[in-house]
Amino acid sequence: MIQSIKNLPDTPGVYQYFDEEGSLLYVGKAKSLKKRIKSYFRFTPDLSPAPNLGPRIYRMVSQIARIETIVTPTESDALLLENSLIKQLKPKYNILLRDDKTYPYLYIDLSSPFPRFELTRKIVKGKRVKYFGPFPQGARAVLDSIYELVPLVQKKGSLKGKKACLFHQIGRCKAPCEGKIDEKEYAMLIEKAFEYIHHPSRLKEALEKKMAFYSESLRFEEAAQIRDRIEAIEKIESFSSADLARLEDLDIFTVMFDEQGGVLVRLFMREGKIVSSSHTWLQTVTETDLAEVYRRSILEFYSSQTPFTATTILTAHPFKEQAELAEILSRRAGKKVKITTPQRGDKRRLIGLGIQNATELLRQKRQQPVSTLPEKIRDFLQIGHPPKRVEAFDNSHLGGRAPVGAMVVWDEGKWDKSSYRHYNLTARDEYHQMKQMLTQRIDSFDKSPPPDLWVIDGGETLRRLAVSLLKEKGVNLPVVGIAKEKIDSKAHRAKGSAKDILATESAEVRLLPSDARLQWFQRLRDEAHRFAIAFHKKQRLKEEKKISLLEAHGIGPAKIKRLIDYFGTFEAIRAADRHSLEKALNKRDAWSIYEYLHPSAEECSKPSNYGV
């Protein structure tokens, strides 16, 4: 390997380290592949890890058996490629950041004579589109409150009609559709809405008056809705700072860490005030990882579809790639974006505010009671860190009919139901159904990165299937299979005493029913099973309705069974041509079904033995 390292090109690119088993250890980027990779090693007397490496990286380098590189035209291209590969392949030694959420923005298109506010998570086409945000929380509450307090056009299609709607009758709209308000007067209403967005305290005060009015009028349900909105708006963190009012709009990123882990804090400053904030917990982070955390979190947060409401980004720590990142974001935004680490003045005070918030979050986390279960799961599976985001899979069918798959997601101690997924499958047996479902999930890794762990409802055979599919794509992801213990050839399902078998990378393990680790895996499996069964019932009902149409057409249950056994689903029967149908039935019935399912098909000569 010494000679291959010495022959590396002195150009920008991405490098990948693999161990003896072909597992991906690390993905990195470099301005010079040759210089960067050589820095990991000492070449005399033998090839060994460089002595100045930290413990984690030293351990990684000692496992390297193969190096692969990808040359890129520029260092900026290397940054983008590195970020993409880490998200999709989850290398063992890279810092595994949580995928940043796409936060909602309020926007209004001022090119319309009577514009209205809406929510978006992406850039909206238009030359006079104005954005407000991002809102890590409370966006819907702000939007609904604007329409509660300001009589704007309430519905998108309202202006298409020429008659005032119900909202005008109840005083919630000025009816521009009937010309009862002109553009100048309407613009004054928009300015009032702007004031509420910029000053949440005034919005809250107006809502409290509205809530009191509803309560006095015995309209308790509407009062409760206002109360809930007030609570949501109160959660929007707002820090008044009159001394900073002259500053432009800014986004502030701060990374802090302690012995237990790290936190990334984002502050969003608009018109001199911190209007919102968010944070992401990080797995074990050290000072040497700061550059990777900053560059990846910034690239993730400002996607090509993100509205750039601020064009200056402040970071609490400087790092080498700031200029390259600013160039990438400038291309995405279509305007100049700056990334800087201020050393003095008001902007440095904002960095101090970010550090103060990050430090407080770490302190609060240290004082919280810590569950030892995640660490027990980590040690049980012999993986590098406790699994925070887990995907569990199960499939369901009835004698091969209406086969479906389901994926549920466990994220930091709770179900992430917005990430649940259903899969319509075509395979006839459970092995190939699982293969079809997992392949579809792997193909979506570029849009939705892999989690920390997969749990498969099935034994060692299905676990090995999942591992082989992941290895084909080079993804480093641990997999656990869970199968019910069989007693007298039947699965034992007794709650509280089921001795399920866990198939891990090292062995098949039988834990006691009272073991919290087993119960955790059972909970994941049971939720996936529940979700799969519910979807299967829904799909089977659709299938039965379609099959009843065949029965009404004179096709008996025996022939329908032969069709289902042969094709699997009604959709496959519908898609089959006449000759394929003839393989399951006689020519007469095949023609009759084809004619019934394709009434618009061109008339063609019937088979010579049609009367058979």
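What counts and how
- Residues numbered from 1 in each chain as written.
- Predicted model: local features only at pLDDT ≥ 70, side-chain atom pairs only at ≥ 80, totals over all residues.
- Heavy atoms only, no water.
- Helix = DSSP H or I, 4+ residues; strand = E, 2+ residues; numbered from the N terminus.
- Buried < 20%, exposed > 50% of the residue type's maximum accessible area, 1.4 Å probe, protein only.
- Areas by Shrake-Rupley, 256 points an atom, 1.4 Å probe, with all protein chains shown as cover.
- Arc of directions from axis to C-beta.
- Disulfide = S-S within 2.5 Å.
- Core = buried A, V, L, I, M, F, W, Y, C linked by side-chain atoms within 4.5 Å.
- Axes fitted to C-alpha atoms, helices over the stretch in contact; angles between N-to-C directions.
- Parallel < 35°, antiparallel > 145°, perpendicular 65-115°, else oblique.
- Contact = heavy atoms within 4.5 Å.
- Nonpolar A, V, L, I, M, F, W, Y, C, P; charged D, E, K, R; others polar.
- Pairing = 2+ DSSP bridges.
- Right-handed = clockwise from strand over helix to strand, strands pointing away.
- pLDDT = per-residue confidence, 0-100.
- Salt bridge = Lys/Arg side-chain N within 4 Å of Asp/Glu carboxyl O.

Within the chain one finds 20 helices and 23 strands. Per-residue burial for the chain yields a buried fraction of 47% across its 612 residues. Accessible area of the chain: about 31,700 Å², with a carbon and sulfur share of 50%.

With that out of the way, let us pick up helix H13 (residues 373-381). Among the residues of H13, those classed as buried are Ile377, Phe380 and Leu381. An end-on view of H13 places all buried positions within 85° of arc, on one side of the element. Just beyond H13, the residue with positive phi is Gln382, at close to 55°.

As enumerated under the stated definition, the model contains 0 disulfides in all. Distance from the sulfur of Cys177, which forms no disulfide, to the nearest cysteine sulfur (Cys173) is 6.3 Å.

Once that is clear, we can look at the nonpolar core. Most often, soluble globular proteins have nonpolar side chains that are buried together. Core analysis: the largest hydrophobic core is formed by 40 residues, its most contacted members being Ile252, Phe253, Ile298, Tyr302, Ile313 and Leu329. Mapped onto this core, the elements with two or more residues apiece are strand S9 (250-258), strand S10 (261-270), strand S11 (273-282), helix H10 (290-301), strand S12 (312-315), helix H11 (322-333) and helix H12 (345-367). Within the second largest apolar cluster, 32 residues are counted, among which are Val150, Val153, Leu207 and Ile233.

Relative to each other, helix H4 (residues 75-89) and H10 sit at 85°, their axes nearing to 11 Å. Classified by the interaxial angle, the pair formed by H4 and H10 is roughly perpendicular. Where H4 approaches H10, its residues Leu79, Leu80, Glu82, Asn83, Ile86 and Lys87 are matched on the opposing element by Glu292, Arg295, Arg296, Leu299 and Glu300. Counted by class, the contact of H4 with H10 contains 4 nonpolar, 1 polar and 6 charged residues.

This next bit is on the sheet that holds S11. Sheet architecture is open: 5 strands sit in the order S11-S10-S9-S12-S13, paired in mixed fashion. The strands lining the two open edges of the sheet, one partner per strand, are S11 and strand S13 (338-340). On average, each strand axis in the sheet is inclined to that of its neighbour by 15°, with strand direction left out of account. Alignment of S9 against S10, held across 9 bridges, turns out to be antiparallel.

Moving on to the pairing of strand S19 (residues 479-483). The side chains of a regular strand alternate, residue by residue, between the two faces of the sheet. Of all 5 residues making up S19, 4 are buried, and the element is well covered by its neighbours. Summarising the sheet, strand S18 (residues 453-457) and S19 pair through 4 bridges and their orientation is parallel. Note on S19: the bridge partner recorded for Ile456 is Gly481. Since S18 and S19 lie parallel, the crossover through helix H15 (residues 460-472) that links them has a hand, and here it is right-handed. With 3 bridges joining them, S19 and strand S22 (residues 501-503) adopt antiparallel strand pairing. Paired with Ala483 across the strands is Ile501, a residue of S22.

For the chain, per-residue confidence averages 83 on the pLDDT scale, and residues scoring 70 or more make up 86% of the total. Between residues 237-243, whose pLDDT stays under 50, and residues either more than four places distant or in other chains, the model counts 13 contacts. Note on residues 601-612: pLDDT is under 50 here. Beyond four places in sequence and across chains, it has 12 contacts.

Taken as a whole and assessed by the stated rule, the structure comprises 29 salt bridges. In this structure, the salt-bridge partner of Arg116 is Glu118, at a minimum N-O distance of 3.9 Å. Its salt-bridge partner being Asp526, residue Arg525 comes within 2.8 Å of it at the nearest N-O pair. Since its relative accessible area comes to 5%, Arg525 is described here as buried. Looking at Asp526, the relative accessible area reads 33%, which means it is partly exposed. Put simply, Lys29, Glu75, Glu82, Arg295 and Glu321 are held in one network by salt bridges that share partners.

Between helix H7 (residues 183-198) and helix H8 (residues 200-216), whose axes approach to 5 Å, the crossing angle comes to 105°. One element, H7, and the other, H8, form an angle in the roughly perpendicular class. Listed contacts from H8 to Glu195, Tyr196, Ile197 and His198 of H7 are Pro200, Arg202, Leu203 and Ala206. A breakdown of the residues in the contact of H7 with H8 according to their chemical character gives 5 nonpolar, 1 polar and 2 charged.

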